[in-house]
2 protein chains.
Amino acid sequence: MLTAKFDQLVKQLRILPGVGQKSAQRMALHLLTKKRPQGMALAQALDEAMRDIVECQRCHSFSDDAVCPLCQDPRRDDALLCVVETAADVMAIEQTAGYRGRYFVLGGHLSPIDGISADDLNIEQLVWRVKQEPVEELILATGTTVEGQTTAHFINEAVSRHVNKVTRLAQGVPMGGELEYLDSMTLGQAMQNRSFL
Amino acid sequence: MLTAKFDQLVKQLRILPGVGQKSAQRMALHLLTKKRPQGMALAQALDEAMRDIVECQRCHSFSDDAVCPLCQDPRRDDALLCVVETAADVMAIEQTAGYRGRYFVLGGHLSPIDGISADDLNIEQLVWRVKQEPVEELILATGTTVEGQTTAHFINEAVSRHVNKVTRLAQGVPMGGELEYLDSMTLGQAMQNRSFL
Ligand SMILES: [Zn+2]
Ligand SMILES: [Zn+2]
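About the thresholds
- Residues numbered from 1 in each chain as written.
- Chains lettered and ligands numbered in written order.
- Predicted model: local features only at pLDDT ≥ 70, side-chain atom pairs only at ≥ 80, totals over all residues.
- Heavy atoms only, no water.
- UniProt positions renumbered as here; feature names shortened; annotations may be inferred.
- Helix = DSSP H or I, 4+ residues; strand = E, 2+ residues; numbered from the N terminus.
- Polar contact = N/O pair within 3.5 Å; in protein donor to acceptor, adjacent residues only side chain to side chain.
- Contact = heavy atoms within 4.5 Å.
- Buried area = accessible area lost by both parts, 1.4 Å probe.
- Salt bridge = Lys/Arg side-chain N within 4 Å of Asp/Glu carboxyl O.
- Nonpolar A, V, L, I, M, F, W, Y, C, P; charged D, E, K, R; others polar.
- Axes fitted to C-alpha atoms, helices over the stretch in contact; angles between N-to-C directions.
- Parallel < 35°, antiparallel > 145°, perpendicular 65-115°, else oblique.
- Left-handed = near helix turned anticlockwise from the far one by under 90°.
- Buried < 20%, exposed > 50% of the residue type's maximum accessible area, 1.4 Å probe, protein only.
- Arc of directions from axis to C-beta.
- Donors = N, O, S within 2.8 Å, 3.2 Å for Na, K, Ca; no water.
- Tetrahedral: all angles 85-135°; square planar, octahedral: opposite > 155°, others 65-115°.

- Chain A carries the name Recombination protein RecR in UniProt, which gives Psychrobacter arcticus as its organism.
- In the Function part of its UniProt record, chain A is described as follows: "May play a role in DNA repair. It seems to be involved in an RecBC-independent recombinational process of DNA repair. It may act with RecF and RecO."

1. Points about the side chain of Thr3(A)
- Position of Thr3(A) relative to the elements: it lies in the segment before α1 (4-13).
- For Thr3(A), the side chain forms a polar contact with the side chain of Asp64(B), separated by 3.0 Å.
- With residues near it in sequence (within four places) discarded, Thr3(A) still touches Ile53(B), Phe62(B), Ser63(B) and Asp64(B).

2. Considerations on the interface of chain B and chain A
- Each partner contributes to the interface: chain B provides 54 residues, whereas chain A provides 51 residues.
- Summed over both partners, the interface of chain B with chain A buries about 5,300 Å², with 74% contributed by carbon and sulfur atoms.
- Taken together, the links from chain B to chain A amount to 2 salt bridges.
- For Lys5(B), the salt bridge identified is with Asp52(A), shortest N-O distance 2.8 Å.
- Counting every contact that joins chain B to chain A gives 14 residue pairs in polar contact (both at pLDDT 80 or more).
- Those elements giving two or more residues to the side of chain B that touches chain A turn out to be α1 (4-13), α2 (21-34), α3 (36-52), β2 (62-63) and α5 (87-94) of chain B.
- Broken down by element, the residue count for the side of chain B that touches chain A peaks at 15 residues, all from α3(B).
- Here the residues of the side of chain B that touches chain A are counted per class, giving 31 nonpolar, 11 polar and 12 charged.

3. Considering the environment of Arg76(B)
Residue and element names in this part refer to chain B.
- The topology assignment puts Arg76 in the loop between α4 (69-72) and β3 (77-84).
- Separated by 26 residues in sequence, Arg76 and Arg102 place their C-alpha atoms 6.5 Å apart.
- With residues up to four places along the chain from it excluded, the contact list for Arg76 reads Leu70, Glu94, Tyr99, Arg100, Gly101, Arg102 and Tyr103.
- Of note is the side chain of Arg76, whose polar atom sits 2.9 Å from the backbone oxygen of Gly101.

4. Brief notes about the packing of helix α3 (residues 36-52) of chain A against α3(B)
- At a minimum axis distance of 8 Å, the contact between α3(A) and α3(B) shows a crossing angle of 155°. Comparing the axis directions of α3(A) and α3(B) gives the class roughly antiparallel. Judged by the twist between their axes, the crossing of α3(A) over α3(B) is left-handed. Between α3(A) and α3(B), the contacting residues are Arg36(A), Gly39(A), Met40(A), Leu42(A), Ala43(A), Leu46(A), Asp47(A), Ala49(A), Met50(A) and Arg51(A) on the first element and Arg36(B), Gly39(B), Met40(B), Leu42(B), Ala43(B), Leu46(B), Asp47(B), Ala49(B), Met50(B) and Arg51(B) on the second.
- For the contact of α3(A) with α3(B), a count of residues per class yields 12 nonpolar, 2 polar and 6 charged.

5. Details of helix α6 (residues 123-132) of chain A
Residues and elements named next belong to chain A.
- Those residues of α6 that fall on the buried side of the exposure criterion are Ile123, Leu126, Val127, Arg129 and Val130. Considered in projection along α6, the buried side chains sweep an arc of 160° and stay on one side of the axis. Opposite its buried face, α6 presents the exposed residues Glu124 and Trp128, each directed more than 90 degrees away.
- Here the buried face of α6 lies against β3 (77-84), β4 (101-105), β5 (137-140) and α7 (146-159).

6. A closer look at the UniProt feature "domain: Toprim" in chain A
- The UniProt record marks residues 79-174 of chain A with the feature "domain: Toprim", using the residue numbering of this structure.
- A helix fraction of 33% and a strand fraction of 20% characterise residues 79-174 of chain A, whose end C-alpha atoms lie 28 Å from each other.

7. A closer look at the coordination of the zinc ion (ligand 2)
All names here are of chain B.
- For the zinc ion (ligand 2), the full set of protein donor atoms is Cys56 (SG), Cys59 (SG), Cys68 (SG) and Cys71 (SG), at a range of 2.2 to 2.3 Å.
- Considering all 4 donor atoms around the zinc ion (ligand 2), angles at the metal cover 105 to 116° and the coordination shape is tetrahedral.
- One chain supplies every donor for the zinc ion (ligand 2), spaced along it as C-x2-C-x8-C-x2-C. Placement of Cys56 in the loop between β1 (54-55) and β2 and of Cys68 in the loop between β2 and α4 is noted, with a sequence separation of 12 residues between them.
- Judged by its relative accessible area of 2%, Cys68 falls in the buried class.

So, in structure tokens, the structure goes:
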């Protein structure tokens with residue numbers, strides 16, 4: 001609209017999730033008008049992250065080095081291993097600050113419809129790991145979607161001979177959630193699994 | 001949270017207007033997981049825009065070269081000159097597709113409270129231009145804020161001896177509203193119904 005390089009910037013900003021034409025224009029104008037050094041710093045951080053962040057060899061989450069800080073941290077409990085679908089899930093659980101074990105990222109969930117089978121996920125590596133290492137509890141924190149549940153059951157079959165305890169995150173009414181907006185599946189489950197106050 | 005380079009990317013993404021911690025994390029994970037080549041293309045577009053986009057020597061809008069495409073376009077009408085506060089306003093008016101004259105960007109509005117006087121804006125260059133060139137109508141499309149109105153009156157005083165017709169955008173632009181956030185319909189209408197100052 002204004003110049004070729006401006007248009008190019010707006011077009012590229014639109015690859016960011018949740019950013020449409022209007023907000024991309026607003027971002028570009030904001031950076032050009034008042035934040036050029038910050039814009040250049042963002043460009044550099046983006047480029048470095050895209051080029052240098054790799055998959056951790058141990059947990060398959062994101063890492064700057066061969067093995068990520070969470071896998072290297074000596075204060076984490078090796079006896080607890082939490083299996084999640086994506087690195088985003090690792091981040092979500094870390095933000096609760098209530099978990100001190102290790103993680104393992106599958107890279108997705110089983111989905112025959114999308115052609116995603118066990119070979120497309122890091123399931124073989126997970127089985128190998130629980131065979132080699134003293135994991136006492138494997139927490140299957142895959143999603144509560146049909147695919148997430150199926151994936152959890154599949155992994156449970158594969159590891160049950162090698163791990164004592166295989167658990168799943170509690171299901172129920174979310175904190176601060178209002179019953180009337182909850183789907184009846186969740187609400188029914190929560191009613192069945194009710195506990196003493 | 002995950003790695004140093006990831007944290008750095010999230011931190012830098014937050015300089016974008018309207019992007020908080022949560023959406024910056026979501027953006028970073030999205031790019032890393034599925035869009036690395038696009039992320040690198042964004043980094044390059046950002047870097048080039050921050051480094052190479054300059055102020056047009058004629059209209060003071062953004063430009064890749066010394067003189068911008070709008071100033072160079074032989075199909076635009078030299079007799080009409082539209083004065084705006086920022087390059088964002090140029091873009092907003094261009095998107096109405098109802099104006100075929102030239103532009104002049106002041107670089108802001110008069111604001112004694114913020115210490116912005118006529119010397120801080122491109123007012124001298126504007127007066128020089130209407131003295132030298134055959135501008136028949138000067139459209140003062142500064143904002144409808146108190147500062148925008150004051151700026152329009154100030155410019156009117158300065159140019160009235162050199163220009164026949166000094167106009168202002170028609171009522172319809174909401175009071176206190178900023179041009180760049182206005183819908184094109186209203187803005188196009190206001191341009192058509194512009195009136196004498
Ligand atoms: Zn790791
Ligand atoms: Zn220009």
